[in-house]
Amino acid sequence: MTTHTPADTFPRQYARTLRYTVGAPRSFSVAPDGSRVVFLRSRAGGDRANLLWSLDTGTGEERIAADPAALLGGGEEDLSPAEKARRERSREGSAGIVGYALDAAGRLAAFALSGRLFTADLTTGDTAELPAAGPLLDPRVSPDGVHVAYANTAGELRITRTDGTGDRVLAEPDGPNVTWGQAEFIAQEEMDRDRGFWWSPDGDRLLVERADDSRVRRWWIADPANPEREPAEVAYPAAGTADAEVGLWLVDLDGDRTEVRWDRAAFPYLARVHWSAGGAPLLLVQARDQRSQLLLGLDPATGATEVLLEERDEAWLELFPGVPAWTPDGKLVRITDVGEARALVIGEETVTGADLHLRSVVAVTDDEVFFTASGGAAETDPEPGWIAVGRISHDGKRLGWESSNGRPFTSVTSAVHAGGITVRATAEPDLPGSLVTVARDLPEGVVVDEVAVIASYAETPVITARPVFRFAGERRIPAAVFLPTGYDRERDGLLPVLMDPYGGPHGQRVVQAHNPHLNSQWFADQGFAVVVADGRGTPGRGPAWEKSIAFDFAGATLDDQVDALHSLAGEFPLDLGRVAIRGWSYGGYLSALAVLRRPDVFHAAVAGAPVTDWELYDTHYTERYLGHPAERPEVYAANSLTGYAAALERPLMIIHGLADDNVVAAHTLRLSSALLAAGRPHTVLPLSGVTHMTPQEEVAENLLLLQVDFVKRSLGL
């Protein structure tokens, strides 16, 4: 890690380094023969421009495979609005090379810079710019390394040869709101699917998404600070309204197309596509209510599909990274809820039990499946928040762990495996950043042979996080507590409390790591006891835990914050007469909810980018948890905030970026209007030009300082 600038404060450093991610290695791939590891990393913790790197697993030597500064001649990047939107969907704040794709041999990489197409030969070190009709998006090399396919901002899917010839259209829009080869908004924002096309294993054709968002409601995101600018048009599928119409086509290299057929009226969501040499292409399609889904096998010759499996759940069905997939001998690999467990299923066999909670499938080899998992039965875990990489034989008889210094139960932040090589990034509570190890498998499948450690150039934080982990209360709510550095109970007594949750689906905050807790530690060092609690609805504790919030955000998630607070007060110096709460996005919703519904517990709140009216949030997320607003209007009324405006009796600050196209500023404005109509004083902090990520350094720094000042004044400190 690199050292920090002496004049740095934590808020400034935290913002400048994008939460200490700049300079850290990321986006790993392993060549199928295990000969090299490919990854992204910038040159330093203050440089946001990623380079493409390659590591030789035989020698451990790293080298630069592509340098964006050299390729662009030192010029500045020029990003199209479509690329900016892609990065917003993926919460990407860095620059340079932010993504790449390899051929099947792992020898040739393709990537986009400033909407232009480049390749890097990882064996010779040569780079080249290929002709392309940009600005382009998501270039991907064919498995045989002969072609690169890409989408562009004109809505086309195009193909070019890697020898620099033959750029041409494969599919072009047949309507004003049609795109080919691009994942639609909902797929990017909520399904964790940012791809819109997939090569066949032989490289002779592609599966291509066609999306038509003509039916999607248009919203207009204005910039009030610059009234001369036209508002940006956003196709936003709000709950209860129309989604984009999504289809899938088989496209040959000569442009011939065959439509893929399934019951799109009953199963409109294209959630997953998998095409490997192990079997027929796999599609996972969901019903709009996400309570039923089909796993389909596709006949590439005709476009016909066959139902391989139908799943149903009374609450909802989750989507998981890495599945569905095939084993080389033709068994289906999937993750599903089996009783109280989230389990790995290979073929017809459930191969993991209730002691594990499956998170993802990392890789499928000839005889094993590599996966990530956390504790399934919390009663058996000494502390919350661990995530580990496991490997299990196809028959479930051999289970091992990819350990880190003999400690399997740390927090794995990413993992990839191929060619007998595992690359694993792990974090621990007492070590800043993460440790990225490259290891070779041994036959026993328990111990690993370390090949190299990939260095991190991320800056060392100017403060040290000191989380104390607990399971709080009868429900054993995962929690982390932070006290001021140097705190002495006899000298300092009870401390005012700041609850610092996310507290909602897909947002685990209590993890066995250091850097994710730095923000909470900084707030603690301002004189607070900070509590982070992952109540019901957050991931990692089992299906029943996650799905207990079905049709009721406002009940379980808030109750668990209160229960964790009161339980932890028996052990930690928490002054229950001075309790504030802050959060962003779902955490912002939860913070505003806390002072509106439980002013007896919470005495002040800071709500950042809160969802205040769930009918203004998107279809796939909102309807998964609350149902369709036309069918359950009472659920939406009970879980939205505007109806509780008259109950506000505690200080509330609402912060919102006016350029946010995920949780639009209308959420804050509607709540503020309702509070004003009810005569309830409150504070609104609008952020001009700021999106949901708030990447601007000065804004991010001052936001932390302003929140501390507001909370201290509100609690009389």
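Before reading on, note that the structure itself is shown above.
Anyway, here's the lowdown on the structure attached to this text. (Residues numbered from 1 in each chain as written. Predicted model: local features only at pLDDT ≥ 70, side-chain atom pairs only at ≥ 80, totals over all residues. Heavy atoms only, no water.)

Some points on the overall build of the protein
In plain terms, the rule: Per the convention used, a helix needs a DSSP run of H or I reaching at least four residues, while a strand needs a run of E reaching at least two, with both numbered from the N terminus. Our radius of gyration looks at C-alpha atoms and nothing else; its globule reference is 2.2 Å times the residue count to the power 0.38. Only protein chains enter the calculation, and the probe is 1.4 Å; a residue is then buried if its accessible area is under 20% of its type maximum, exposed if over 50%, and partly exposed in between. Contacts: residue pairs with any heavy atoms within 4.5 Å of one another. Note on areas: Shrake-Rupley, 1.4 Å probe, and residue coverage restricted to the protein chains presented here. Counted as positive: Lys and Arg. Counted as negative: Asp and Glu. His and the chain ends are not counted at all. Here the site of a charge means atom NZ of a Lys, CZ of an Arg, CG of an Asp or CD of a Glu.
In terms of regular secondary structure, the protein is built from 13 helices and 44 strands. Rg of the C-alpha trace for the protein: 25 Å, near the compact-globule value of 27 Å for 717 residues, within the 12% margin. Seen through its principal axes, the protein has C-alpha atoms that stretch 70 × 55 × 55 Å. Among the 717 residues that make up the protein, the fraction classed as buried is 57%. Put simply, 61% of the contacts in the protein that link residues at least 6 apart link residues at least 24 apart. When the accessible area of the protein is evaluated, it comes to approximately 26700 Å², of which 49% is carbon and sulfur surface. For the protein, the distance from the average position of its 66 positive side-chain charges to the average position of its 102 negative side-chain charges is 3 Å.

Overview of the pairing of strand β29 (residues 356-364)
Convention followed: One requirement defines pairing of two strands: DSSP has to find at least two bridges between them.
Most of β29 sits out of view: seven of its nine residues are buried. The hairpin formed by β29 and strand β30 (residues 368-375) contains three residues between the paired strands.

Here we look at the packing of aromatic side chains
Here a ring pair, both rings aromatic, is described through the centre-centre distance and the interplanar angle of the planes. Inclusion rule: Two rings from Phe, Tyr or Trp (for Trp, the six-membered ring) form a pair when their centres sit within 6.5 Å of each other. Planes less than 30 degrees apart are called stacked, planes more than 60 degrees apart edge-to-face, and all others tilted. Here, over-ring charges are defined by two tests on the NZ atom of lysine or the CZ atom of arginine: distance to the ring centre within 6 Å, and angle to the ring normal within 35 degrees.
Following the criterion strictly, the structure yields 26 aromatic pairs and no others. Taken together, the ring pairs in this structure connect Trp316, Tyr502, Phe553, Tyr586, Tyr589, Trp614, Tyr617, Tyr621 and Tyr625 into an aromatic cluster. Sitting over the face of the ring of tryptophan 545, arginine 541 holds its NZ or CZ atom 4.1 Å from the ring centroid. Residue placement shows arginine 632 over the ring face of phenylalanine 551; its charged tip is 3.8 Å from the ring centre.

Quick word on the sheet that holds strand β10 (residues 136-141)
So the rule is basically this: Whenever a helix is involved, its axis is fitted only over the stretch in contact; in every case the axis is a line through C-alpha atoms, and angles between N-to-C directions fall within 0 to 180 degrees.
An order of β10-β11-β12-β13 is seen for the four strands of this open sheet, with the pairing classed as antiparallel. A single partner strand is all that each edge strand has here, and the edge strands are β10 and β13 (168-171). Neighbour to neighbour, the strand axes of the sheet diverge by 30 degrees on average, direction disregarded. With five bridges connecting them, strand β11 (residues 147-152) and strand β12 (residues 157-161) associate as antiparallel partners. From the neighbouring strand, valine 148 faces β12, where its bridge partner is threonine 160.

Some thoughts on the sheet that holds strand β40 (residues 529-533)
Strands belonging to one sheet form pairs held by backbone hydrogen bonds; the direction of such a pair is parallel or antiparallel. The sheet built from eight strands is open, its strands ordered β37-β38-β40-β39-β41-β42-β43-β44 with mixed pairing. Of all strands in the sheet, those with a lone pairing partner are β37 (468-472) and β44 (683-687), marking the two edges. Recorded for the sheet is a direction-independent mean angle of 20 degrees between the axes of neighbouring strands. In terms of strand pairing, strand β43 (residues 652-657) meets β44 through five bridges, oriented parallel. If you follow isoleucine 654 over to β44, its bridge partner there is valine 684.

Quick notes on the pairing of β37
Direction of pairing for β37 relative to strand β38 (residues 477-482): antiparallel, over a ladder of five bridges. Counted as the bridge partner of phenylalanine 471 is proline 478 from β38. As consecutive antiparallel partners, β37 and β38 are separated by four residues, and within that stretch glycine 473 has a phi angle of approximately 75 degrees, a positive value.

Overview of the packing of helix α8 (residues 553-568) against helix α9 (residues 586-597)
Applied cut-off: Any angle that falls under 35 degrees is termed roughly parallel, while one over 145 is termed roughly antiparallel, one within 65 to 115 roughly perpendicular, and all others oblique. For this classification, Asp, Glu, Lys and Arg are treated as charged, while Ala, Val, Leu, Ile, Met, Phe, Trp, Tyr, Cys and Pro are nonpolar and the rest, including Gly, are polar.
Contact pair α8 / α9: the axes reach a minimum separation of 10 Å and the direction vectors enclose 80 degrees. Looking at the two axes, α8 sits roughly perpendicular to α9. Residues Phe553, Ala554, Thr557, Leu558 and Gln561 of α8 lie in contact with α9, whose contacting residues are Tyr586, Tyr589, Leu590, Leu593, Ala594 and Arg597. A class-by-class count of the residues in the contact of α8 with α9 yields eight nonpolar, two polar and one charged.

With respect to the pattern of salt bridges
Applicable threshold: Salt bridges are defined by distance alone: a side-chain nitrogen of Lys or Arg within 4 Å of a carboxyl oxygen of Asp or Glu.
Evaluation of the coordinates by the stated rule reveals 38 salt bridges. Notably, a salt bridge pairs arginine 161 with aspartate 163, separated by 3.4 Å at the nearest N-O pair. Its relative accessible area of 33% is what places arginine 161 among the partly exposed residues. With a shortest N-O distance of 3.1 Å, arginine 193 and glutamate 184 are connected by a salt bridge. Residues arginine 193 and glutamate 184 agree in their burial class; the two are buried.

Focus: the nonpolar core
Applied cut-off: Grouping buried Ala, Val, Leu, Ile, Met, Phe, Trp, Tyr and Cys residues that are joined through side-chain atoms within 4.5 Å yields what is termed a nonpolar core.
Residues Phe553, Phe602, Trp614 and Leu652 are the most contacted members of the largest nonpolar core, which totals 76 residues. Apart from residues no more than four positions distant in its own chain, leucine 652 is found in contact with Ala592, Val595, Ala605, Ala607, Leu675, His682, Thr683 and Phe710. By size, the runner-up hydrophobic cluster in this structure holds 30 residues, among which are Tyr20, Ala465, Ala524 and Val606.

Remarks on the environment of leucine 157
Its location among the elements puts leucine 157 in strand β12. Its relative accessible area of 0% is what places leucine 157 among the buried residues. For leucine 157, the contacting residues outside a window of four places in its chain are Tyr150, Ala151, Val169, Leu170, Ala171, Trp180, Gly181, Phe197 and Val208.

What to know about the packing of helix α6 (residues 518-525) against helix α13 (residues 697-714)
Worth spelling out the cut-off: Crossings are sorted by hand: turned counterclockwise from the far helix by less than a right angle, the near helix makes the crossing left-handed, and turned clockwise it makes it right-handed.
At a closest axis distance of 11 Å, the pairing of α6 and α13 adopts a crossing angle of 40 degrees. As summarised for this structure, α6 and α13 are arranged oblique, according to the angle between their axes. For the element pair α6 and α13, the recorded crossing hand is right-handed. Listed contacts from α13 to Asn519, Trp522 and Phe523 of α6 are Leu704, Leu705, Gln707 and Val708.

So, unusual backbone geometry
Cis geometry marks the peptide bond from glycine 134 to proline 135; its omega dihedral reads -5 degrees. Take proline 135: it is sitting in the loop between β9 (127-130) and β10. That bond from valine 323 to proline 324 is cis: its omega, 5 degrees, falls within 30 degrees of zero. Of note in this structure, arginine 476 is not a glycine but carries a positive phi near 50 degrees. Relative to the assigned elements, arginine 476 resides in the loop between β37 and β38.

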